[in-house]
Amino acid sequence: MFRPFEAARYTGTRAWAPMTYGSPGHCRRCGAPSGDCRCGCRECRREAKELLVQPAAKQGDTAGATPGAAVGQLSTMTKAMLERVQPTGAEVSPQALQTQNLGTATAFIGGGCCVSLSVEYAASVTTQPFIVLIEVTDSEGTAMLWARQENAGTPYRVKEGVITTKPGAKLVAMALNATARVRWCEIFICGC
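Here the structure is a predicted model, which means the values were calculated and not measured.

Overview of the nonpolar core
Okay, so step 1: Membership of the largest hydrophobic core comes to 24 residues, with the highest contact counts inside it found for Leu-117, Val-119, Ile-134, Leu-171, Val-182 and Trp-184.
Okay, so step 2: Every element with two or more residues in this core is listed here: β1 (42–53), β2 (102–109), β3 (115–123), β4 (130–137), β6 (157–165), β7 (169–176) and β8 (178–191).
Okay, so step 3: The contact partners of Val-182, leaving out residues within four places of it in the chain, are Lys-49, Glu-50, Leu-51, Leu-117, Ser-118, Val-119, Ile-134, Leu-171 and Ala-173.
Okay, so step 4: In terms of nonpolar packing, the next biggest core, distinct from the first, is built from five residues, Leu-102, Ile-131, Leu-133 and Met-174 among them.

Focus: the environment of Val-119
Okay, so step 1: With respect to the secondary-structure elements, Val-119 resides in strand β3.
Okay, so step 2: Note on Val-119: relative accessible area 1%, which makes it buried.
Okay, so step 3: Apart from residues no more than four positions distant in its own chain, Val-119 is found in contact with Val-132, Ile-134, Trp-146, Arg-157, Val-158, Lys-159, Val-162, Ala-180, Arg-181 and Val-182.

Observations regarding unusual backbone geometry
Okay, so step 1: Within the chain, Asn-177 stands out as a residue other than glycine whose phi angle is a positive 60 degrees.
Okay, so step 2: Within the secondary structure, Asn-177 sits in the loop between β7 and β8.
Okay, so step 3: Here Asn-177 falls in the buried class, since its relative accessible area comes to 6%.

Some words on the packing of aromatic side chains
Okay, so step 1: Scanning all chains against the criterion turns up two aromatic pairs.
Okay, so step 2: Ring centres 5.9 Å apart and planes at 65 degrees place the aromatic pair Tyr-121 and Phe-130 in the edge-to-face group. With respect to burial, Tyr-121 and Phe-130 carry one shared label: buried.
Okay, so step 3: Judged by centre distance (6.5 Å) and plane angle (45 degrees), the rings of Tyr-121 and Trp-146 are tilted. Note that Tyr-121 is positioned in strand β3 and Trp-146 in strand β5 (residues 143–150), a separation of 25 residues in sequence. The two residues Tyr-121 and Trp-146 agree in class, both being buried.

Regarding the side chain of Thr-165
Okay, so step 1: Relative to the helices and strands, Thr-165 resides in strand β6.
Okay, so step 2: In contact with Thr-165, not counting residues within four places along its chain, are Ile-109, Cys-114, Val-115, Val-136, Asp-138 and Met-144.

Points about the pattern of salt bridges
Okay, so step 1: Considering all chains together, one arrives at eight salt bridges under this definition.
Okay, so step 2: Residue Glu-120 pairs with Arg-181 through a salt bridge whose shortest N-O separation is 3.0 Å. Placement of Glu-120 in strand β3 and of Arg-181 in strand β8 is noted, with a sequence separation of 61 residues between them.
Okay, so step 3: The buried category is assigned to Glu-120, whose relative accessible area is 12%.

Things to note about the pairing of β7
Okay, so step 1: Burial within β7 is extensive, with seven of its eight residues counted as buried.
Okay, so step 2: Relative to β7, β2 is paired through eight bridges, and the arrangement is antiparallel. When the sheet's bridge partners are listed, Phe-108 is paired in β7 with Lys-170.
Okay, so step 3: Judged from the seven bridges that link them, β4 and β7 form a sheet pairing that is antiparallel. Bridged to Glu-135 within β7 is Val-172.

Some remarks on the sheet that holds β7
Okay, so step 1: Reading across the sheet, the four strands line up as β2-β7-β4-β5 and stay open at both edges, with antiparallel pairing between neighbours. This sheet does not close on itself; its edge strands, each paired only once, are β2 and β5. This sheet shows a mean twist of 10 degrees between the axes of neighbouring strands, independent of strand direction.

Rules behind the numbers
- Residue numbers here run from 1 along each chain, matching the order of that chain's written sequence.
- For this predicted model, a pLDDT threshold of at least 70 governs which residues receive local features, and a threshold of 80 or more governs which side-chain atom pairs are given and counted, while totals over whole chains, interfaces and linings are taken from all residues.
- Side-chain descriptors were evaluated using all non-hydrogen atoms of the structure, hydrogens and water having been removed beforehand.
- Buried residues of nine kinds, namely Ala, Val, Leu, Ile, Met, Phe, Trp, Tyr and Cys, make up a nonpolar core once their side-chain atoms join them within 4.5 Å.
- Residue exposure (1.4 Å probe, protein chains only): buried if accessible area is under 20% of the type maximum, exposed if over 50%, otherwise partly exposed.
- For the purposes of this entry, the term helix denotes a DSSP run of H or I that reaches at least four residues, the term strand denotes a run of E that reaches at least two, and both are numbered from the N terminus.
- Any two residues whose heavy atoms approach within 4.5 Å are treated as being in contact.
- Aromatic contacts are taken between Phe, Tyr and Trp rings whose centres are within 6.5 Å, Trp giving its six-membered ring; a plane angle under 30 degrees counts as stacked, one over 60 as edge-to-face, and the others as tilted.
- Any Lys or Arg side-chain nitrogen found within 4 Å of a carboxyl oxygen on Asp or Glu counts as a salt bridge.
- The criterion for strand pairing is that DSSP finds at least two bridges linking the strands in question.
- Simply put, an axis is a line fit to the C-alpha atoms, just over the touching stretch for a helix, and the angle between two N-to-C directions goes from 0 to 180 degrees.

Given below as structure tokens:
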């Protein structure tokens, strides 16, 4: 028999078990380990992507590609924009660009929802003006173009949200006398 002072009394607190909701590897809705969850919730996963563009002279010989051949792959709209932002008196022909520090790169944009591109760039030849150009063509055929011409001596720059596009788009980046990196996050919707 318990005496009154020995009886269990309610103090307003109880033992607290560690909460698994929201911890890595557990469902945020029911708290079960991800492999055992059957509540049907969906979570998003973000994956960072990047595309580096360096001048061909710095990249070395990659499978015998030449800068002039890369210019031949650019769309008509990109070539027109390149002519527009070129310094006066400069040529845009593939033969002229073979002697300049031109770099191009391509990538595929995937994921489950809209993607926003950011670009960071710096001059590779500090005594000459430089150009950074990004072209995105989505799966419906819509083309978007962003280009920037900077004067000689311009320091490292970051431009965020330059283009927003849908998954399934093709990205072409070009840098003339510069090194550029295009960054974006692809969002995937995964089960718990």
